[in-house]
Amino acid sequence: MNPFSPSPHPPSLRFFTHTMSHVVTLPGLTVTTSSSSSYPHIHSLTTTRLCSKVRVSAQFKSHDSTPIDFCDPDWKHKFKQDFQERFSLPHVTDIFHDTPPMPSTFCLQHRTPMVRDFAGLNPSKEWRGYINDNDRVLLKTIYYSSSTSAGAECIDPGCSWVEQWVHRAGPREKIYFKPEEVKAAIVTCGGLCPGLNDVIRQLVITLEAYGVKKIVGIPFGYRGFSDKEFSEVPLSRNVVQNIHLSGGSLLGVSRGGPAVNEIVDSLQERGINMLFVLGGNGTHAGANAIHDECRKRRYMVSVIGVPKTIDNDILLLDKTFGFDTAVEEAQRAINSAYIEAHSAYHGIGIVKLMGRSSGFIAMHASLASGQIDICLIPEVPFKLHGQNGVLSHMKHLIETKGSAVICVAEGAGQGLLQKTNATDASGNAVLGDIGGYIQQETKKYFKEIGIHADIKYIDPTYMIRACRANASDGILCAVLGQNAVHGAFAGYSGITVGTCNTHYAYFPITEAISHPRLVDPNSRMWHRCLTSTGQPDFF
């Protein structure tokens, strides 16, 4: 392992993150969180009364679940130590202590992978493109001077500076797997997402750059490990050369799968010692369980996650691949709804977009289009009926501008719908159709008040999921795929890769999936969306 070193960092670059949940009561401070958001709303703060055995909620507890005592003058140092422990990357040498590092076979000065005598080359000619193990990326880059600042994410009531550094991603000078002994497998799980083929392509290309000859795809998600009907898909640069020109996944996708024991049994039977898993929070949880089981069996495997979710709801990351494409493609649906509404007498267009628990797509698509009058997301409660309800505002829009366009995330307003308690193969609750419900309630409302309304409902979900990645996502997918391979050869396992403040970094899977990333209703981005739509508070 390469623990965080105490090397000096710029004193001006100190930071903090994490949000609070539930209710925390401190002397002079009350923090509450609404049921639909994990972000705090600080109602009062008296800095002179902060210290009297102050304790905080579970979100701020240390690695060993000990609450932080802000009265301890050394609490910042202890917090940073705990953060370093939590974000240290699992490594094959944690279990296989005698695994020797070897010179990397990855070098862009050569057309083919480097030979074993790389260490004997003239030092002046050695490639200088490697990442040092002690390189770090700052997790947060905004200093909030007050907990009342928009979007403030504070560790303590005084919003103190606390540095939080994560591991920089990229190729290392030393590797822990011999390329000629590697059998790498790639699996795509969950639902479709733009960019899957782009990531598969770059994984294969980068593996071959290291000198790996045995690369296979596991068909149809985790199910492919146990279903005898499916066989491995041999992969090479020739096979994947043009797959990024199409949407979907070359390997197919599915939800659910066999037990972890069965998957690891299959890994051992197939001789797989590198596994690249493309998926969201649930898929990453499975990848981490596979990592843990391999360690328990002392089977040397590197398990690397590549975060895939259109919803953009994975913690700590700037964004996940497929998100930019989803926002761009959503413009087509929104524009169609706008044209329908604008061209009709008292026209109302309703567009439902993806977003099970987070409203990032709806928020960004609404802001990008400039055509949305009402944006509804899961994190912000709303009511349809009543003086301050959505329907009342629709009436106002019809009376003042003659039309209205509504964008709603699929997970918004689920409390208004009848629950079925049904779940999908991944264990996710089956959501009710909030878009269809709003459509029906809107029809009833305008009929009851005697105002004509021409309502159109558009659900572009599957059209968006199946499309090809745009240029922005194509770049993101390429770099994620490359860095996933670099992380595996560096000996890491049980990690995922993503962008952090525009830089690429590695994160322990356990931290990335600790809870979903949500839209902060007090964030500047949500405020920008509200400024664009002009909508009032609907609750």
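The sections below set out a description of the structure shown in this document. (Residues numbered from 1 in each chain as written. Predicted model: local features only at pLDDT ≥ 70, side-chain atom pairs only at ≥ 80, totals over all residues. Heavy atoms only, no water.)

## A short note on unusual backbone geometry
At step 1: One non-glycine residue, C159, adopts positive backbone phi at about 55 degrees.
At step 2: Its location among the elements puts C159 in the loop between β5 (136–138) and β6 (165–168).
At step 3: Judged by its relative accessible area of 1%, C159 falls in the buried class.
At step 4: We note that L316 has phi near 80 degrees; this positive angle belongs to a residue other than glycine. (Helix = DSSP H or I, 4+ residues; strand = E, 2+ residues; numbered from the N terminus. Buried < 20%, exposed > 50% of the residue type's maximum accessible area, 1.4 Å probe, protein only.)

## With respect to the environment of R468
At step 1: Structurally, R468 can be placed in the loop between α10 (461–465) and α11 (471–489).
At step 2: The class for R468 is partly exposed, based on a relative accessible area of 44%.
At step 3: For the pair R468 and L245, spaced 223 residues apart in sequence, the C-alpha separation works out to 6.7 Å.
At step 4: Excluding anything up to four places from it in sequence, R468 contacts P194, H244, L245, S246, G247 and T325. (Contact = heavy atoms within 4.5 Å.)

## Topic: the state of the cysteines
At step 1: Under the definition given, this model contains one disulfide.
At step 2: The residue that forms a disulfide with C154 is C159, at a sulfur-sulfur distance of 1.7 Å.
At step 3: Cysteine C193 is unpaired, with the sulfur of C477 as its nearest cysteine sulfur at 7.4 Å.
At step 4: Summary of cysteine pairing: C467 is not part of a disulfide, and the nearest cysteine sulfur, belonging to C193, is at 8.9 Å.
At step 5: Given the relative accessible area of 14%, C467 is considered buried. (Disulfide = S-S within 2.5 Å.)

## Re helix α5 (residues 281–296)
At step 1: Helix length check: α5 (16 residues) gives 23 Å between terminal C-alpha atoms against 22 Å at 1.5 Å per residue, within 8%.
At step 2: For α5, the set of buried residues is N281, T283, H284, G286, A287, N288, I290, H291, E293 and C294.
At step 3: Those residues of α5 that are buried are in contact with α4 (260–270), β11 (274–279), β12 (302–307), β17 (495–500) and α12 (509–512).
At step 4: Taken from the residues just after α5, R298 is the one with a positive phi, measuring 55 degrees. (Expected span 1.5 Å × (residues − 1).)

## Side note on the packing of aromatic side chains
The relation between two aromatic rings is expressed through the spacing of the ring centres and the mutual angle of the planes.
At step 1: Within this structure, the stated rule accounts for eight aromatic pairs.
At step 2: Where F106 meets Y210, the ring centres are 5.1 Å apart and the plane angle is 25 degrees; that geometry is what we call stacked. Taken together, the residues F106 in the loop between β4 (102–103) and β5 and Y210 in helix α2 (residues 196–210) connect sequence positions 104 residues apart. One exposure class covers both F106 and Y210, and it is buried.
At step 3: Here the aromatic cluster, defined as three or more aromatic residues joined through ring pairs, consists of F106, Y210 and F489. (Phe/Tyr/Trp six-rings, centres within 6.5 Å; stacked < 30°, edge-to-face > 60°.)

## Observations regarding the packing of α2 against α11
At step 1: Where α2 meets α11, the axes come as close as 8 Å, and the angle between the chain directions of the two elements is 40 degrees. Between α2 and α11, the crossing angle belongs to the class labelled oblique. The handedness of the crossing between α2 and α11 comes out as right-handed. Of the residues in α11, those touching α2 at D198, V199, Q202, L203, T206, L207 and Y210 are G474, C477, A478, G481, Q482, A484, V485, H486 and F489. (Axes fitted to C-alpha atoms, helices over the stretch in contact; angles between N-to-C directions. Parallel < 35°, antiparallel > 145°, perpendicular 65-115°, else oblique. Left-handed = near helix turned anticlockwise from the far one by under 90°.)

## A short note on the pattern of salt bridges
Between side chains of opposite charge, pairing is possible as soon as their charged atoms come close.
At step 1: Evaluated as defined, the whole model comprises 20 salt bridges.
At step 2: For E511, the salt bridge identified is with R86, shortest N-O distance 3.0 Å. Taken as a pair, E511 in helix α12 and R86 in helix α1 (residues 75–86) lie far apart in primary sequence, 425 residues in all.
At step 3: By relative accessible area, which is 11% here, E511 ends up buried.
At step 4: Owing to a relative accessible area of 11%, R86 belongs among the buried residues under this scheme.
At step 5: A salt bridge links R332 to E329, with the shortest nitrogen-to-oxygen separation between them at 3.0 Å. Separated by three residues within a single helix, R332 and E329 lie in helix α6 (residues 323–343), roughly one turn from each other.
At step 6: Residue R332 is classed as exposed on the basis of its relative accessible area, which comes to 56%. (Salt bridge = Lys/Arg side-chain N within 4 Å of Asp/Glu carboxyl O.)

## Some remarks on the sheet that holds β6
At step 1: The sheet built from nine strands is open, its strands ordered β5-β6-β18-β17-β12-β11-β8-β9-β10 with mixed pairing. The strands lining the two open edges of the sheet, one partner per strand, are β5 and β10 (233–234).
At step 2: When β12 meets β17, the two strands line up parallel, connected through two bridges. Note on β17: the bridge partner recorded for G305 is T496. (Pairing = 2+ DSSP bridges.)

Any functional reading would require information beyond the geometric quantities listed.
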